[in-house]
Each structure stands twice: as C-alpha cells, then as structure tokens.
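Tertiary structure, described
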Number of protein chains: 2
Amino acid sequence: MIAETSTIAIYGPGLLGGSLALAIQDRFPQVRLRLWARREAAEAGIRQRGIQAAFFTDATAAAQGASLIILCTPVETMPALAAQIAHAELAPDGLVTDVGSVKGSVVRALEPVFGSRFIGSHPMAGSEKTGVEAARADLFQNAVCLITPTTTGEPAPLETLRAFWQAVGCRVLEMTPEEHDDKVARISHLPHMMAVVTTLAALRTDPGAVACVANGFRDTTRVAGGDPGLWTGIALENRAALLTQLQAASATLTELLEILGKPDEEELRRFLAEAQRLRQTVPAAVS
Amino acid sequence: MIAETSTIAIYGPGLLGGSLALAIQDRFPQVRLRLWARREAAEAGIRQRGIQAAFFTDATAAAQGASLIILCTPVETMPALAAQIAHAELAPDGLVTDVGSVKGSVVRALEPVFGSRFIGSHPMAGSEKTGVEAARADLFQNAVCLITPTTTGEPAPLETLRAFWQAVGCRVLEMTPEEHDDKVARISHLPHMMAVVTTLAALRTDPGAVACVANGFRDTTRVAGGDPGLWTGIALENRAALLTQLQAASATLTELLEILGKPDEEELRRFLAEAQRLRQTVPAAVS
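Residues numbered from 1 in each chain as written. Chains lettered and ligands numbered in written order. Predicted model: local features only at pLDDT ≥ 70, side-chain atom pairs only at ≥ 80, totals over all residues. Heavy atoms only, no water.

Thoughts on the relation of the copies chain A and chain B
To be explicit about the condition: Here the copies are superposed with least squares, the fitted atoms being C-alpha atoms of residues at a pLDDT of at least 70 in both. By the convention used here, residues are in contact when the closest approach between their heavy atoms is within 4.5 Å.
Superposing chain A onto chain B takes a rotation of 179° plus a shift of 0.0 Å along the axis, which leaves an RMSD of 0.2 Å. Here the transformation between the copies is reduced to the relation of a two-fold axis. For chain A, the residue whose C-alpha comes nearest the rotation axis is A:Thr220, separated from it by 2.0 Å. Comparing contact sets, 100% of the residues at the interface of chain A also lie at the interface in chain B, consistent with an isologous, same-surface contact.

Spelled out as structure tokens, the structure:
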C-alpha cells in the first residue's frame, strides 16, 4: 500500500503526469513527491501549477528509494528512461508503472528490465488538451483505468497498484496487455480514425457545408480535432490492432453500401437496429 | 407575413409538429392554430401537452382558408396528403411547406400540386426522441433551417416563409433542393451511418468492450442510438446522395488503411492534420 511516508516519482510532467501530481498532493498530502523532466526549464511550469514536488533531471537519482514510479512520458521514450531507472535502488516493495495508451509494446520493453516490479497501467482520461497547463487534480475522477499484470504469484504489487488508481478516482479493470490493445483499438483508436474519415469525406470536397452543421456532426467528429502528432504516435504504436479494427470497419461499410445499393429496406432496418441495440449497452458518462 | 389573424394548419403532431404548435402558441398567440392527425386517438396526446389547436382528421377541412400549411408527417405520406389538401381553398396568399429531411423527392412531388405556393423547408432540429411527448416550444431555437425555393419572380411567399422560421428561432439558409440533399447527406446522413458502422465494427465481435468505453466513443457513436425505422426512411429517400458520400468515406478509409499499412508516418500526420484543420472550421454549438 502507499504509506504516508512513501516516495512517489513521476516521470514526464505533461497533462497526465501533472494531473497525477496534483491528485497525489490532494489525496496523499504526506507522500514525498518527485517529478522528473528532461529539461530544467520544465520546473517553472510545474511551480506555476502549485506542484510541490522535488524536481529532478537525473532519472536515476529521481528513482532512488522510491516506492512507486509512474512513467508519463511518450511511450517511445520509455525504454531509454527505464534503463536509467534500473541503475537506482528502489524501496524494497518498490513498484513501477506507466500511463501509456498502448500496453503490448510497453510491457514487452519494460518487463525484462523491472521483472515483477513492473505492471502496465492505462488511465483513460482526457487527451485533447496537452501540457501541465491543462492538468487538473480531478482528471482521473470516474475514469476507467486498465491495468495489465502478466506475472503470477505476486499479488502484493498488483493490490498496491489497484489501490493507488482507486485512490485517485479510477474504476480499475484488469486484463492482459494484448486484450488491452485490442479493446482500446475498438473503443478509442477506431472511433478516433472514423471521426477523421467522416470529417475528411464530408468536408474535403465542400468545406462550405460546415454552414449547415448540426449537433450530430459536431459529436460524431469531435475527436478529429485532436493533436495529429499525438495520434500519429498512438496509431503507430498500436498499428496491428488498429489495422484489424479499421479492416472490420471497412467491411462493415461495404456491407452497408451493398444493402443501400440494392436497396434492401428490411436488411437496412435490421442493420440500424443492431447498431442501436449495441449502442444502448454503452454506460452513460459519470462526471 | 403571418398576421395576428392568420390560420396555420400543422399536419402530423409528432416531435416536430408538436414543437411547432407550441412555438407558434408562444410566438403568435392570436393565430388560429389547427392540427391534423390521421387518427382521432392522437387528440388526447396533443391536449396533454397543452396545445390549444382545433383538431381535424379530415385533411381537406383542416386546410380550408389557411394562410400557412406545414406538413410534419413522414416524407413518404406527403404526396397523398397533398392531394387531399389540394381540394381545399387556401387563403389568397396561402403558403404550403414541409419539414422533411430530404427535399429533392418532396419538391418534385408537391410543386406540381401547389405550384409557387409550395416551398420546402428543413429545420435541422433534434430527431433522437420522437412523438408529441418529447415536443418543446424551444426545439427550433438556434437551429439552422434550410429552405429550398425553386420558382423565380415570387418573392412574397419566400419572405413569409423566411420570417416564419426566424420567428420560431431558426437561422435560415436558402439553397436548391439538390444542393440541400447533397449538404445534408454530407453533414447529417453520412455521420449517422458512420456512427452506426463504428458501433457495429467495435462491438459486434466483442460486446464486452463497452466496459472500457470513454467519452470519445460516447460522442462518436451517440447518433447510432437513433430510431432505426426513421433512419431507414431517411436513408432510402436520400439514397443517391448518401451513396455518393458513403463511397467517398469508403475511399477515404481505404486511403488510411494504405497509409497505416506501409506505415508512412509523415503521410499519416498530414492526413490527421488535414482532418483537424477542417474540424476546426465547424462553428461551436449555440444553445
């Protein structure tokens, strides 16, 4: 468990890292908080947000004696950071996790370094704004956090991690890294790409059609306004699972084109009714 | 103009017809309001919502002497209704319109019956709930209303219709029926079908994935919860324009599959950035 006297080290003070720091300050005021960033210049932004952590640019020093290490950097920089952290001596029950939005590649890279001390996490909280400027202590409130343990016979680290995410407000679900990447491709990466495709198909050849926009279009395409650089990284990291989902979507769209091409009224009604039934199983937002 | 002493007849007391009746009562309290429904049984629901209109089941009688006739029934029943209304004598400057979500087929059917007295309308207001139970006087507040005049040299009916929609809260845009059907396919019917396809692709083969849903999925697929019968009718009425848009979406999805298949990181970033730029041109909701 996270004791009053624990040391928690957060690597990468962006939206997620900054929000975690604020949430930990709120929830565990006695915890010794450390924040690592690559550049000295990052400290000013952290202080402006009222984060009281000790600040480090030396990744090994920031990890020394820590009970919980949370990697909040882009996924592609985690292996190099892990190699530096591995030189430190963590607390005896020290635990390492990350908040990356893909898990297969992260777990394959970090488990060989940290063994059963490492368990992957993915708190599914806001990603359209970026940077510590957008950080909020309640970002994780009512979010789902997917955690991906792989080693067996080590219940203690798993219980610590679960309790930590619950303490900052998350509902925790446990699955393998492969299951994670499949689920997230289905319910996050696929919808993002479909919003992008819908926006391009509708407006590329007639940008003036935005004058007629109503709320259906606004909602269906909202996430297409997200950061292209961030989403390029996510799509490439979870490429295999996303390709599978996009191929399924392409086949489903072809099915609809065939139904409408005939047209087969009864089949179209069944197709729309099946989607309606599935959509009705989506739990309402809690916030 | 709609005078204090005008008679307005609304055909079809569902969500749109009922909301129009409530809005007219609010905005034009002296107007003589008539409501036509196919069945006597509809009157009880209208009275429960506090609508003070004279109630008719005879379509010809309801139109007698009317200054404005608004058809709010499903699009496919409008031609038969128009034939009955044509037996009535409207007011000298009497005007006929409809609220159907397609315009080409409606205008082709009703213009031969009513000549320059008919102008099509499409107020783009909420369609997920149905029935007079869901009617609201402010349903049209800040909505876009597309009107599709085709005859020239008759400015008076057009000005009356424009003023009427503005009076119930709409922002009015004017275009041909064909332009209307193309725009609406792009920004309403296409996004609806894409939300349906996304829901089916994501959840058909793994309904349990809903446990991981976050707000991106909720927004992107919201409209897929709409009424299958209603949307079957809309898709078939606007089939040609919708097929064109769905084919464009299919080609755009294939483009994305090719970029991600290589993968071409720079091309992916450009693709996502183009969608982001177009999405940023969408005006924010007013309400």
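Some details on the domain arrangement of chain A
Residues and elements named next belong to chain A. So the rule is basically this: As annotated, the domain borders come from an automatic or database domain assignment. As a working definition, buried area equals the accessible area (1.4 Å probe) given up by two parts on being put together, with both sides summed. Salt bridge, as used here, is a side-chain nitrogen of Lys or Arg placed within 4 Å of a carboxyl oxygen of Asp or Glu. Polar contacts, as counted here, are pairs of nitrogen or oxygen atoms within 3.5 Å of one another; within protein the pair requires one atom able to donate a hydrogen and one able to accept it, and residues that are adjacent in sequence qualify only if both atoms are side-chain atoms.
With domains assigned, chain A is organised as domain 1 (7–175) and domain 2 (180–279). Every contact between the two is made by 14 residues of domain 1 and, on the other side, 13 residues of domain 2. Taken over both partners, the interface formed by domain 1 and domain 2 buries close to 1,100 Å², and the fraction arising from carbon and sulfur atoms is 62%. Scanning the region where domain 1 abuts domain 2 turns up 0 salt bridges. On inspection of domain 1 and its partner domain 2, the count reaches 4 residue pairs in polar contact (both at pLDDT 80 or more).

Here's the deal with the interface of chain A and chain B
Just so we agree on the cut-off: Numbering of helices and strands starts at the N terminus; helices are DSSP runs of H or I of at least 4 residues and strands are runs of E of at least 2.
With 85 residues of chain A at the interface, the matching set in chain B holds 86 residues. Here chain A meets chain B over a buried area of about 7,900 Å², counting both sides, of which 69% is carbon and sulfur. Where chain A meets chain B, there are 10 salt bridges. For A:Arg204, the salt bridge is made with B:Glu274, and the minimal N-O distance between the two is 3.1 Å. Taken together, the links from chain A to chain B amount to 26 residue pairs in polar contact (both at pLDDT 80 or more). Residue assignment for the side of chain A that touches chain B shows that the elements contributing at least two residues are β7 (144–148), β8 (171–174), α7 (177–203), α8 (215–221), α9 (228–237), α10 (239–261) and α11 (265–279) of chain A. Looking at which element gives the most residues to the side of chain A that touches chain B, the answer is α7(A), with 17 residues.

Focus: the sheet that holds strand β4 (residues 68–71) of chain B
Residues and elements named next belong to chain B. The condition that has to hold: A pair of strands is considered paired only if DSSP assigns at least 2 bridges between the two. Geometry is summarised by axes, namely lines fitted to C-alpha atoms with helices restricted to the contacting stretch, and by angles between N-to-C directions that run from 0 to 180 degrees.
One open sheet holds the 5 strands; their spatial order is β3-β2-β1-β4-β5, and the pairing between them is parallel. Since the sheet does not close on itself, it has two edges, and those belong to β3 (54–56) and β5 (95–98), each with one partner. For this sheet, the mean inter-axis angle between neighbouring strands, taken without regard to orientation, is 20°. Sheet topology note: the strand β2 (residues 32–36)/β3 ladder contains 3 bridges and is parallel. The partner of tryptophan 36 across the bridge, within β3, is phenylalanine 56. Lying over the sheet, helix α1 (residues 15–27) contacts β1 (7–11), β2 and β4, oriented at roughly 160° with respect to β1. Taken strand by strand, helix α4 (residues 78–85) contacts β1, β2, β4 and β5, and its axis lies near 155° from that of β4.

Quick look at α7(A)
Residues and elements named next belong to chain A. Heads up, the rule is: The span one expects for a helix is its residue count, reduced by one, times 1.5 Å. Note that the bend at a residue is defined as the angle between axes fitted to the seven residues ending at it and the seven residues starting at it. Burial here depends on accessible area, computed with a 1.4 Å probe over protein chains only, as a share of the maximum for the residue type. Under 20% is buried, over 50% is exposed, and the range in between is partly exposed.
For α7, with 27 residues, the first-to-last C-alpha span of 37 Å sits near the 39 Å given by 1.5 Å per residue. Maximum bend of α7: about 50°, positioned at alanine 185. Counting buried residues in α7 gives 23 out of 27 residues, a clear majority hidden from the surface.

Examining the sheet that holds strand β5 (residues 95–98) of chain A
Residues and elements named next belong to chain A. A sheet is described by the order of its strands in space; here 5 strands give the open sequence β3-β2-β1-β4-β5, paired in parallel fashion. For this open sheet the edge positions go to β3 (54–56) and β5, each flanked by a neighbour on one side alone. Strand-to-strand twist across the sheet, computed as the mean angle between neighbouring axes with direction ignored, equals 20°. Packed on one face of the sheet, helix α1 (residues 15–27) meets β1 (7–11), β2 (32–36) and β4 (68–71) and runs near 160° to β1. Running over the sheet, helix α6 (residues 155–167) touches β1, β4 and β5 and is turned about 50° from β5.

Considering the state of the cysteines
Rules: Whenever a pair of cysteine sulfur atoms sits within 2.5 Å, that pair is classed as a disulfide.
Evaluated as defined, the whole model comprises 0 disulfides over all chains. A:Cys72 takes part in no disulfide bond, and the closest cysteine sulfur, belonging to A:Cys145, lies 11 Å away. For A:Cys72, a relative accessible area of 13% gives the class buried. Free of any disulfide, B:Cys170 has its nearest neighbouring cysteine sulfur in B:Cys145, separated by 4.9 Å.

What about the pairing of β1(B)?
Residue and element names in this part refer to chain B. Selection criterion: Throughout, right-handed denotes a crossover for which the path from the first strand over the helix to the second runs clockwise when the strands point away from the viewer.
With 5 of 5 residues buried, β1 lies mostly within the body of the structure. The side-chain alternation of β1 yields two buried faces, one formed by Thr7, Ala9 and Tyr11 and the other by Ile8 and Ile10. In this structure, β1 lies alongside β2, joined through 5 bridges in parallel fashion. Bridged to alanine 9 within β2 is arginine 34. Where the polypeptide runs from β1 across α1 and back to β2, its parallel neighbour, the crossover connection is right-handed. Taken together, the 4 bridges between β1 and β4 define a ladder with parallel strand orientation. From the neighbouring strand, tyrosine 11 faces β4, where its bridge partner is leucine 71.

So, the side chain of B:Lys103
Residue and element names in this part refer to chain B. Tracing the chain through its elements places lysine 103 in the loop between β5 and α5 (104–114). On the accessibility criterion, lysine 103 (0% relative accessible area) is buried. For lysine 103, the side chain forms a polar contact with the side chain of aspartate 98, separated by 2.9 Å. Among the polar contacts listed, one links the side chain of lysine 103 to the backbone oxygen of glycine 100, at a separation of 2.7 Å. Not counting chain neighbours up to four residues away, the residues in contact with lysine 103 comprise Asp98, Gly120, Ser121, His122, Thr148, Pro177, His180 and Asp181.

Description of the nonpolar core
Worth spelling out the cut-off: We call a set of buried residues a nonpolar core when its members are Ala, Val, Leu, Ile, Met, Phe, Trp, Tyr or Cys and they connect through side-chain atoms within 4.5 Å of each other.
Ranked by internal contacts, the top residues of the largest apolar core, which has 82 residues, are A:Leu246 and B:Leu246. What B:Leu246 contacts, discounting residues up to four positions off in sequence, is A:Leu253, A:Leu256, A:Leu257, A:Leu260, B:Leu190 and B:Met193.

Here we look at the side chain of A:Arg279
Put simply, the test is: In summary, the charge assignment counts Lys and Arg as positive and Asp and Glu as negative, without counting His or the chain termini.
Residue position: A:Arg279 is located in helix α11. At 6.5 Å, B:Asp219 is the nearest oppositely charged side chain to A:Arg279, a buried residue that forms no salt bridge. Among the polar contacts made by the side chain of A:Arg279, one reaches the side chain of B:Thr221 at a distance of 2.8 Å. Other than its neighbours up to four places away in sequence, A:Arg279 contacts B:Thr199, B:Arg218, B:Thr221, B:Arg222, B:Ala224 and B:Gly225.

Things to note about the packing of α10(A) against helix α7 (residues 177–203) of chain B
For the record, the criterion: Orientation labels follow simple angle bins: below 35 degrees gives roughly parallel, above 145 gives roughly antiparallel, 65 to 115 gives roughly perpendicular, and whatever is left gives oblique. For a crossing to be left-handed, the near helix must be turned anticlockwise from the far one by less than a right angle; the clockwise case is right-handed. Each residue gets one of three labels, nonpolar for Ala, Val, Leu, Ile, Met, Phe, Trp, Tyr, Cys and Pro, charged for Asp, Glu, Lys and Arg, and polar for the others, Gly among them.
For the pair α10(A) and α7(B), interaxial distance at closest approach is 9 Å and the crossing angle is 125°. Viewed along their axes, α10(A) and α7(B) adopt a mutual orientation that is oblique. In this structure, α10(A) crosses over α7(B), and the sense of that crossing is right-handed. Facing α10(A), whose interface residues are A:Gln245, A:Ala248, A:Ala249, A:Thr252, A:Leu253 and A:Leu256, α7(B) presents B:Met193, B:Met194, B:Val197, B:Leu200, B:Ala201 and B:Ala202. For the contact of α10(A) with α7(B), the per-class residue count stands at 10 nonpolar, 2 polar and no charged.

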